[in-house]
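# Structural features, examined
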Amino acid sequence: MGLLGKQTWEFTNGVYVQSSGTAVGPRENLGLLKGTYDYAYEDLHCNEDNWELAERALLRNAISTTLKKADKNVEDIDVFLAGDLLNQNVTANFIARELQLPFLCMFGACSTSMETAALGAQLIDSGYAKLALAGTSSHNATAERQYRYPTEYGGQKPDSATFTVTGAGSILLSSKKSRIKVKCATIGTVQDLGLKNPFDMGSAMAPAAAYTIVQHFKDTNTTPDDYDLIVTGDLSAVGAPICEQLVKEEGYDMSGKYNDCGLLIYDRDNQEVFAGGSGCACSAVVTYSHLFQELKKGTYKKILVAATGALLSPTMIQQKESIPTISHAVVFESC
Amino acid sequence: MEFVYAFIVGGLICVVGQLLFEFTKLTPGHVMCIFVVIGSILDGFGIYDKLIEFAGAGATVPITSFGHSLLHGAMAEANQHGFVGIGMGIFSLTSSGISAAILFSFIVALLFKPKG
Amino acid sequence: MSGKLKSNYQEGIKQYQPKKHVLRNCIRAFLVGGFICFLGEAISEIYINYFGFTDKNAGDPTVATLVLISSLLTGLGLYDKIGQFAGAGSAVPVTGFANSMTSAAMEHRSEGLVLGVATNMFKLAGCVIVYGVVSAYIVGMIRYAFKVLF
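A brief report on the enclosed structure follows. Only a predicted model underlies this, so the values are computations on that prediction, with no experimental measurement involved.

Turning to the interface of chain A and chain C, a few remarks are in order. Each side of the interface is counted separately: chain A has 33 residues, and chain C has 36 residues. Summed over the three residues of chain A that lose the most area to chain C, namely Arg145, Glu152 and Gln156 of chain A, the buried surface amounts to 24% of that side. Counting the contacts that link chain A with chain C gives two salt bridges. Its salt-bridge partner being Glu111 of chain C, residue Arg145 of chain A comes within 2.8 Å of it at the nearest N-O pair. Summed over the shared surface of chain A and chain C, the result is 15 residue pairs in polar contact (both at pLDDT 80 or more).

Okay, the nonpolar core next. Judged by nonpolar contacts, the single largest core of 55 residues is most densely connected at Met32, Ile63 and Phe66 of chain B together with Val67, Val92, Phe97 and Val128 of chain C. Those residues in contact with Val128 of chain C, other than ones at most four positions away along the chain, are Met32, Cys33, Val36, Ile63 and Phe66 of chain B together with Phe97 of chain C. Listed in part, the 47 residues of the second largest apolar core include Met114, Leu173, Ala185 and Ala307 of chain A.

Residues and elements named next belong to chain A. Taking 1.5 Å as the rise per residue, helix 8 (residues 280-297) with 18 residues should run 26 Å; its terminal C-alpha atoms sit 25 Å apart, in good agreement. Burial of helix 8 is extensive: 15 of the 18 residues sit out of reach of the surface. Of the residues one or two after helix 8, Gly298 is the one with positive phi, at around 100°.

Right, let's get into the pairing of strand 9 (residues 180-186) of chain A. Residues and elements named next belong to chain A. With respect to burial, strand 9 is a largely interior element, five of its seven residues being buried. In this structure, strand 2 (residues 8-24) lies alongside strand 9, joined through five bridges in antiparallel fashion. Bridging from a neighbouring strand, Val15 pairs with Val182 of strand 9. The pairing of strand 9 with strand 14 (residues 325-334) spans six bridges and is antiparallel. Bridge pairing in strand 14 links Ala185 to Val330.

Parameters at a glance
- Residues numbered from 1 in each chain as written.
- Chains lettered and ligands numbered in written order.
- Predicted model: local features only at pLDDT ≥ 70, side-chain atom pairs only at ≥ 80, totals over all residues.
- Heavy atoms only, no water.
- Contact = heavy atoms within 4.5 Å.
- Buried area = accessible area lost by both parts, 1.4 Å probe.
- Salt bridge = Lys/Arg side-chain N within 4 Å of Asp/Glu carboxyl O.
- Polar contact = N/O pair within 3.5 Å; in protein donor to acceptor, adjacent residues only side chain to side chain.
- Core = buried A, V, L, I, M, F, W, Y, C linked by side-chain atoms within 4.5 Å.
- Buried < 20%, exposed > 50% of the residue type's maximum accessible area, 1.4 Å probe, protein only.
- Helix = DSSP H or I, 4+ residues; strand = E, 2+ residues; numbered from the N terminus.
- Expected span 1.5 Å × (residues − 1).
- Pairing = 2+ DSSP bridges.

Encoded structure:
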């Protein structure tokens, strides 16, 4: 175990996904991956009184499914890692309060899914935890109301905007052999090429994804041919082709193997989601449901999931700052 | 005929706003502020009243008329009380609109939950 | 990392931007904005003919009525859909002002009636009032000064 190349962690002692759980809102279950999720709420409020409670309900549900599938109780877990998009990470913190587990709160914006998975895997690999629970969530309304406008505001979004996924995903990691192995993870570096438009996150995050993916190939001495699928978290229709081009310019041609969770999740022709999905839950629910199912089925044997996050705040945007972004990547293998 | 002019003038003012949305990085808040200031300036030159005569609601419904009303009320009081009158009269013509917005926003917030 | 796109990123990404639909959006804005003003004209006529208002003061109840309609549409969850379609056509008329206040008030209900609803009501509309008043003051001062001096 240890550091591979510049910023990749290799988990040689064997880290495996024991189980995973996902919960989504109504619009996600009308999308392209309908039916692949563990639970879908029919109402955006998730039967709660306000949006923030609804987001907590999603994360609670995903974690409950995860534990049930692995036949474990909360007390069996050694460490909980989670984060979300909201100020002070309230969803993660308040769920941690319920779980009463040793807790590492993390913020990577929409890259939190792979950030928490990477660190969880590392704690298992290094023997600092036997069972690690990693999770993340996002909700369209909580994100809108914090980062942009009130949900009933009649503002017009441009076609480059992305649609925050309402959902939550969590995984349980341990060293016990299972069908899905966590092979290694590449920790990202913050990238910022000066973009300032909060309605075009894809263009802002593409360099971060490209950087992490290229660094991953260099650290592990691999090429796109070694993977069946390389997915980014939420670059969507605007950012995904940019990322592919940036990676190609570094000498790695991902054509035929590359996709993006923001494009996989929604039916852009029939759902008003502009450029595609975004949010912490985007990469989480797509990876922990659909992609894991495909790994188990044998459609893919080895995948690289690079979750991408935009580390902006409304105040920074108003102060005319550009948008720093980051991407963390994890390799999942079927076995 | 007033109806046609109202439609056309109101529509054109909105098109100016839309062009600002399309070709600049200005947010709706910025554009509304610009329009209100323009309304106020046009009334300063006496132009906005003529537009209202011509287009009726096509000029009174867009947010530009808010700027016009603020200035109009201010000038009416200024004629009576001098410079001090500007402050006295500013909200006199806009009272109805702002009060309605506050009251109805409050009531609707009590009765309805956002749907997302 | 080197490469053509990265070295000139802000220029280079322009080709990846989704196609603009300027004409379509302007036509939508024109039609919806025009319709709202048409509606305002109709409401004015009703107030003049049936409620004894004059041309001069029918504007007040007309604006109040449009504000009521807009607040209701916001409460029913319809105004945001109209807004996405119409853009400036629904933002520029006074109905957009009412929507900005109502939507903010509704959104912050969970923080209570005082610190939530009341405090946040002017979150989006406040700038319009501030700039309106400041510009009216300045223009008013200049206009009055001209009047006194000439």
